[in-house]
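For reference, the chains in residue letters:
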Amino acid sequence: MQSKTLIAGLLSGAAIAAAGSAGASSHREAPFITEMPKVDGTDFYMFRSYEEGRDDMVTLIANYHPLQDSYGGPNYFSMDPNALYEIHIDNNGDAQEDLSFQFRFDTQINNAAIDTGAENPVTIPLINSVPDGIGPDAGRLEGVNRVESYQVTLQQGDRRSSADPMALTNLGNAAGQGNGTTSFRKPIDFIGEKSFNGDYESYAQNHVYGIDLGTCGEGRVFVGQRQEGFVINLGEVFDLINTNPLGPRDGESNIVGDKNVTSIAMEVPTSCLTDGDPVVGAWTTASVRQARVMNPFPDMPSGSDGESGAPAVEGGPWVQVSRLGNPLVNEVVIGLDKKDRFNHSEPVDDPQFLDFVTHPVLPVVASSLFGTAVPETPRNDLVQVFLTGVPGLNQPQAIADGEGAPGEILRLNTAVAPVAPSDQSDMGVLACDLAGFPNGRRPYDDVTDIALTAALGSITAGNPNGLQFCDTGAEGGPAVVNAGAIVTDGARALGPTAGTSNGSDTAGGVTYLDRFPYLNTPLPGSPAN
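Below: a short report on this structure. (Residues numbered from 1 in each chain as written. Predicted model: local features only at pLDDT ≥ 70, side-chain atom pairs only at ≥ 80, totals over all residues. Heavy atoms only, no water.)

Moving on, we come to the overall build of the protein. Helix and strand counts for the protein come out as 11 helices and 18 strands. For the protein, the residues scored as buried account for 57% of the 529 residues in total. Partitioning the intrachain contacts of the protein with sequence separation of at least 6 by distance along the chain shows that 69% fall at a separation of at least 24. Working note: accessible area of the protein is about 20,100 Å², and carbon and sulfur atoms make up 51% of it. (Helix = DSSP H or I, 4+ residues; strand = E, 2+ residues; numbered from the N terminus. Buried < 20%, exposed > 50% of the residue type's maximum accessible area, 1.4 Å probe, protein only. Contact = heavy atoms within 4.5 Å. Areas by Shrake-Rupley, 256 points an atom, 1.4 Å probe, with all protein chains shown as cover.)

Spelled out as structure tokens, the structure:
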């Protein structure tokens, strides 16, 4: 693939008339979702796996439960057993799901008790009562007071089809635990070094399971706490861009660098996702039941079966309350009055949001604050990046042929080879790393700086602010011929890999693993003592 084709597509004036927008990197991005943090999707990643020997796989990571403080006990950050978490795949360019991986969670309370001299043993207030620490063995349950498990199903076609979804089988972890069942275990959050004998990552890795995907082969799955991998100065961006947008990307002030998040991670054979066209689109959602009746005298946490004594009984059809595709659109593009509607919408219905993309507010605000030039509208370049895919890079063939449908979906051209961690550019396609955002999204991609740089016109005709973009010089291949300024919020990751480090020494930045599930070990609630 030649970079010249890519840039020609980016700078072309052609755009599809009907398009829309939705969002990702959605840390509390809409008013209603702030009331339900367990189903608040924060980021969505999709990329060709770059773990050694796994380049025939695609990794999907959907993050939920934003801005977790590692010390946030005693209950920490469980998933919602009354919610439905989904990852959707569009493999024919019509902005509708062809495959949906569906996750449901169960919570078991073991009612661990201590003899305190009362007539009956008194139950403890903690989720962990193992005095000698929880070891790597994922099968050990004694002393663990709350156990979370989950099931994964695969629905083909319409996600709410009456056809029964296929329950996916657990092929076991490295120790063979769970093999042959349809249940998977979620590790306890990183309470602290004492609770895990200082080796949480070994414990977490024992919750990476093989998964039987039926006729398209085998993959891997992991659900658990990870270090927050999104890099942004969240406060400064939303305080009227209270930073120097052309200043240094120093990595010392990433305000979410000390947070954790909960990840739903899957690794799936590429052939399982594609259907003739190497370009696939994906997004993630969370849904809750339409009705809820509160119990004034609850006795135990609610489970997915709505057992007696639950704090609430929920029922009725599923209602979508969270949606994630490309990063930062709902946060900095969609108007405040439409943010909740966006979270409830589907990509195929995105024409209702078109004006937010073709005539974005952010460049006008930046111009009033910093005197930057406002690119001409309509912004057909942003339509291609977020809504239709970029011609020559990740536009579905159906859309190129005028037969598909636009929609705000993260799109990946699986024919583009993965790039080793040491060679990845955090500016992705803008720096000629065609395996990076907006061609999918890897953990190391600095999507904040990429999106801000694109919003201020780096890929528009004329590039009015002289920003960085990738172009082709001689026939030798891609070259950065305009290595101008990058619009930045001042935050930057420190590097793509960190072995099995817990990242606690990163001084405001983050590092990543070079293997599944790629996001790093979560930060501990307390250090070793």
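Following the structure, the description resumes.
Moving on, we get to unusual backbone geometry. Note the cis peptide between G73 and P74, where omega equals 5°. Tracing the backbone shows P74 in the loop between β2 (57–69) and β3 (83–90). Residue P438 follows F437 across a cis peptide bond; omega there is 10°. Examined against the element boundaries, P438 turns out to sit in the loop between β16 (410–413) and α11 (447–455). Notably, L67 is not glycine yet its phi reads approximately 55°, a positive angle. Relative to the helices and strands, L67 is located in strand β2. Backbone geometry places Y76, a non-glycine residue, at a positive phi of 55°. Its place among the elements puts Y76 in the loop between β2 and β3. Overall, Y76 belongs to the buried group, its relative accessible area being 18%.

In this section: the packing of aromatic side chains. Note on aromatic pairs: each is described by the distance of the centres and the angle between the planes. Across all of its chains, the model carries 16 aromatic pairs by this definition. With a centroid separation of 4.9 Å and an interplanar angle of 45°, the aromatic rings of F196 and Y203 are classed as tilted. Residue classification places Y203 among the buried positions, given a relative accessible area of 5%. Within the aromatic cluster, the residues linked to one another by ring pairs are Y64, Y85, F103, F105, Y150, F184 and Y209. In this arrangement the basic side chain of R289 is found over the ring face of W318, its NZ or CZ atom lying 3.7 Å from the centre. One Lys or Arg, R441, reaches over the ring of Y45 and ends 4.4 Å from the middle of that ring. (Phe/Tyr/Trp six-rings, centres within 6.5 Å; stacked < 30°, edge-to-face > 60°. Lys NZ or Arg CZ within 6 Å of the ring centre and 35° of its normal.)

With that settled, consider the side chain of D449. Considering the arrangement of structural elements, one finds D449 in helix α11. Relative accessible area serves as the criterion here: at 0%, D449 is assigned to the buried category. Only 3.3 Å separates the side chain of D449 from the backbone nitrogen of D489, close enough to count as a polar contact. Beyond its immediate sequence surroundings of up to four residues, D449 is in contact with R249, M427, I486, V487, T488, D489 and A491. (Polar contact = N/O pair within 3.5 Å; in protein donor to acceptor, adjacent residues only side chain to side chain.)

This brings us to the pattern of salt bridges. Under the defined criterion, the tally for this structure stands at 19 salt bridges. Where R159 meets E346, a salt bridge forms, and the shortest distance between an N and an O atom there is 3.4 Å. Linking R159 in the loop between β7 (146–156) and β8 (166–167) with E346 in the loop between α6 (339–344) and α7 (354–358), this pair joins segments that are 187 residues apart in sequence. A relative accessible area of 31% means that E346 is categorised as partly exposed. Here E314 and R292 are joined by a salt bridge, their closest N and O atoms 2.9 Å apart. Here R292 lies in strand β14 (residues 279–294) and E314 lies in strand β15 (residues 312–324), a separation of 22 residues in the sequence. Ionic contacts of the salt-bridge type, sharing partners, join the residues E86, E97, R159, R160 and E346 into one network. (Salt bridge = Lys/Arg side-chain N within 4 Å of Asp/Glu carboxyl O.)

A sheet is described by the order of its strands in space; here six strands give the open sequence β1-β2-β13-β12-β11-β9, paired in antiparallel fashion. Every other strand in the sheet has two partners, leaving β1 (41–48) and β9 (169–172) as the edge strands with one partner each. Shown here is a sheet whose adjacent strand axes are inclined to one another by a mean of 25°, direction ignored. As paired strands, β9 and strand β11 (residues 209–212) are joined by three bridges and run antiparallel to one another. Within β11, the residue paired with G172 across the bridge is G210. (Pairing = 2+ DSSP bridges. Axes fitted to C-alpha atoms, helices over the stretch in contact; angles between N-to-C directions.)

Quick look at the environment of N463 now. Position of N463 among the secondary structure elements: in the loop between α11 and β17 (469–472). As a C-alpha pair, N463 and P375 span 88 residues in sequence and 7.8 Å in three-dimensional space. Ignoring anything within four residues of it in the chain, the contact list for N463 reads G457, S458, F469 and N482.

On to α11, then. Counted residue by residue, α11 has nine buried out of nine residues, so it is predominantly covered. Just downstream of α11 lies G457, where phi reads positive at about 105°.

Tracing the backbone shows R249 in the loop between α3 (234–237) and β13 (259–269). In this structure R249 comes out as buried when scored by relative accessible area, which is 14%. Between the C-alpha atoms of R249 and D449, which are 200 residues apart in sequence, the distance is 9.1 Å. Those residues in contact with R249 that sit more than four places away from it in its chain are D426, M427, D446, D449, I486, T488, G490 and R492.

Quick look at the state of the cysteines now. Summed over all chains, the structure comprises two disulfides. With its sulfur 2.3 Å from that of its partner, C216 forms a disulfide with C272. In this pair, C216 sits in the loop between β11 and β12 (218–227) while C272 sits in helix α4 (residues 270–273), placing the two residues 56 residues apart along the sequence. Given the relative accessible area of 10%, C272 is considered buried. When the cysteines engaged in disulfides are numbered in sequence order, the protein pairs them as 1-2, 3-4. (Disulfide = S-S within 2.5 Å.)

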